[in-house]
Amino acid sequence: MRRSGPDGAPEPVHLPEPDEREAYRVLDFALRAGEVLLSGGAAASEVMAATIALAGACGLRGVVCEVTFTSITLSYVRAPDVAPVTSVRLVQQRTPDYTRVTEIHNLVDDLVGGQVSVPAAMSRLDEVVQRRHPYHRWVVTGFRALLGASVAVLLGAGPLVTLIAFLTSVLVDRVTGALLARALPDFYANVVGAAIATSVAMGVMATDLGVRPSLIVASGIILLLPGVTLVGSVQDAINGYLLTASARAFEVFVLTAGIVSGVAAILSVADQLGMSLVVSQSPVSGLGEVPVQLGAATLSAVGAAGANYAPRRTLPAAGLSGALGWGAFRGLSEIGLDPALATGIAAVLVGTGAYLLARRQHASPLVYVAAGIIPLLPGLTIYRGMLFLADGNTGTGLLLLSQATTIGLALAAGVILGEFLARPAPGKARRSRSRRG
């Protein structure tokens with residue numbers, strides 16, 4: 001029975017505050033899980049929701065989270081008149097591993113749903129963080145080479161150019177991987193990778209094999225384009241995380257500038273040698289080639305997913321996501337729709353499909369989004385814009401690059417809208433969680 005004060009009013013009941021050491025332990029647990037998500041390319045809103053859910057499931061209510069591009073901060077507000085318990089974790093390395101991201105998503109669901117205890121969840125997180133990547137490094141190189149060759153087929157390459165694009169992708173991946181292992185910044189790695197692809201194209205042109213070397217460069221730089229970062233930047237901006245969105249957008253700019261620098265450097269050397277690379281458009285394929293292109297889109301999505309260490313069970317679905325996006329884009333292009341609008345509508349389907357596939361396979365939507373947008377990235381448009389800039393045709397080059405930017409923004413916005421449309425209504429989601437409970 002509650003005691004009464006001198007005036008008859010009930011005295012407030014003072015509940016014991018949680019132990020400060022235990023609070024720090026829980027915050028560290030949530031921060032480590034958030035670090036895996038943020039380094040894997042997850043949006044700031046997703047990281048914030050996951051960390052707060054983990055802390056709440058461990059008994060810490062009233063946790064406040066702040067996510068920036070390189071750090072996560074959690075504060076546990078114990079009481080209005082008590083200093084909060086605050087912990088910060090820096091995210092210095094961003095190496096996508098979609099297997100770990102998926103396992104963190106499942107860990108959050110299991111802990112919040114009461115299917116695993118807190119100590120077991122903490123031990124499970126330790127296993128996820130310490131576990132090695134699911135694929136050997138050479139297997140990842142094979143996935144990236146498959147991605148480069150498939151993109152070449154999408155751009156209209158024949159068997160010889162496809163083979164050269166495959167071998168060029170292997171070379172680019174091994175060299176840039178070795179440089180990144182020595183802690184070289186990504187900007188310089190992109191410079192070297194783009195320079196290698198352009199050098200191979202120049203060598204092919206010098207041998208007069210009768211092929212279009214521009215497709216080799218375009219398929220080579222697709223490995224370097226920060227497509228997932230662009231999608232994350234737009235998603236953060238739409239959700240109101242403007243600081244993180246600005247940082248990610250600037251990273252996209254820096255990485256793309258590295259590609260431009262690498263291509264321009266080799267083109268300037270080739271110009272001094274009297275060689276000139278011809279700017280070529282991607283051919284307009286007939287309907288008879290649609291099955292080939294759908295197959296190439298499927299393989300490119302599988303290659304992109306495998307290159308980012310996606311779980312093996314998700315690879316077929318990732319390929320389906322790529323085929324869905326490319327098929328919708330081709331169909332809309334055939335009826336004369338603007339490329340940016342066609343890309344945006346196709347991206348909506350990719351985002352919707354990604355969320356539905358993620359729910360069915362208990363994986364992160366990021367796996368299917370990152371794979372599904374690969375066939376839609378404007379790699380050749382970016383390359384042609386860079387080529388015009390290197391040749392001194394600034395107006396045309398900037399116009400092409402602005403078109404590529406518009407397509408990229410339509411791609412990102414469409415994916416986010418598709419995920420939003422696929423999510424259940426808040427009331428329905430609450431009822432579903434109640435039934436699971």
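Now for a description of the structure that goes with this document. All values reported here derive from a predicted model rather than from experimental measurement.

1. Digging into the environment of Leu 27
Item 1. Considering the arrangement of structural elements, one finds Leu 27 in helix α1 (residues 20–39).
Item 2. Residue classification places Leu 27 among the buried residues on the basis of a relative accessible area of 0%.
Item 3. Here Leu 27 is in contact with Leu 60, Val 63, Leu 74, Tyr 76, Val 85 and Ser 87, once residues within four sequence places are set aside.

2. Brief notes about the sheet that holds strand β3 (residues 85–90)
Item 1. Overall, antiparallel pairing links the 3 strands, which are arranged β1-β2-β3 in an open sheet. The sheet is open, and its two borders are formed by β1 (63–67) and β3, each paired with just one other strand. For this sheet, the mean inter-axis angle between neighbouring strands, taken without regard to orientation, is 15°.
Item 2. Here helix α2 (residues 44–57) sits on the sheet and contacts β1 and β2 (71–76); the angle it forms with β1, its principal contact strand, is near 155°.

3. Looking at the nonpolar core
Item 1. Ranked by size, the top nonpolar core spans 74 residues in total, and within it Ile 259, Leu 315 and Tyr 368 carry the most contacts.
Item 2. Residues in contact with Tyr 368, not counting those within four places in the same chain, are Thr 314, Ala 317, Ala 318, Ser 321, Val 350, Ala 354, Leu 357, Ala 358, Gln 361 and Ala 363.
Item 3. With 37 residues, the next largest nonpolar core counts Ala 23, Leu 27, Val 63 and Tyr 76 among its residues.

4. Here we look at the pairing of β1
Item 1. The alternating pattern of β1 places Val 63, Cys 65 and Val 67 on a buried face, while none of Val 64 and Glu 66, on the opposite face, is buried.
Item 2. Judged from the 5 bridges that link them, β1 and β2 form a sheet pairing that is antiparallel. For Val 63, the partnering residue across the bridge sits in β2 and is Tyr 76.
Item 3. Linking β1 to β2, which pair antiparallel, is a turn of 3 residues.

5. What about the packing of aromatic side chains?
Given two aromatic rings, their pairing is described by the distance between the two centres and the angle made by the two planes.
Item 1. Applying the stated criterion across every chain, the model contains 5 aromatic pairs.
Item 2. Taking the centre distance of 6.4 Å and the plane angle of 15° together, the rings of Tyr 135 and Tyr 309 count as stacked. Of this pair, Tyr 135 sits in the loop between α4 (118–130) and α5 (137–154) while Tyr 309 sits in the loop between α11 (290–307) and α12 (315–334); the two residues are 174 residues apart in sequence, bridging distant segments of the chain. Take Tyr 135 and Tyr 309: they sit in the same class, and that class is buried.
Item 3. Between Phe 187 and Tyr 188 the ring centres are 5.2 Å apart and the planes differ by 80°, which places this aromatic pair in the edge-to-face class.
Item 4. Assessed through its relative accessible area of 46%, Tyr 188 is described here as partly exposed.
Item 5. Feature note: the residues Tyr 135, Phe 143 and Tyr 309 constitute an aromatic cluster, connected by ring pairs.
Item 6. The residue whose ring lies beneath Arg 174 is Trp 138, and the NZ or CZ to ring-centre distance is 4.0 Å.

Definitions and limits used
Residues numbered from 1 in each chain as written. Predicted model: local features only at pLDDT ≥ 70, side-chain atom pairs only at ≥ 80, totals over all residues. Heavy atoms only, no water. Helix = DSSP H or I, 4+ residues; strand = E, 2+ residues; numbered from the N terminus. Buried < 20%, exposed > 50% of the residue type's maximum accessible area, 1.4 Å probe, protein only. Contact = heavy atoms within 4.5 Å. Pairing = 2+ DSSP bridges. Axes fitted to C-alpha atoms, helices over the stretch in contact; angles between N-to-C directions. Core = buried A, V, L, I, M, F, W, Y, C linked by side-chain atoms within 4.5 Å. Phe/Tyr/Trp six-rings, centres within 6.5 Å; stacked < 30°, edge-to-face > 60°. Lys NZ or Arg CZ within 6 Å of the ring centre and 35° of its normal.

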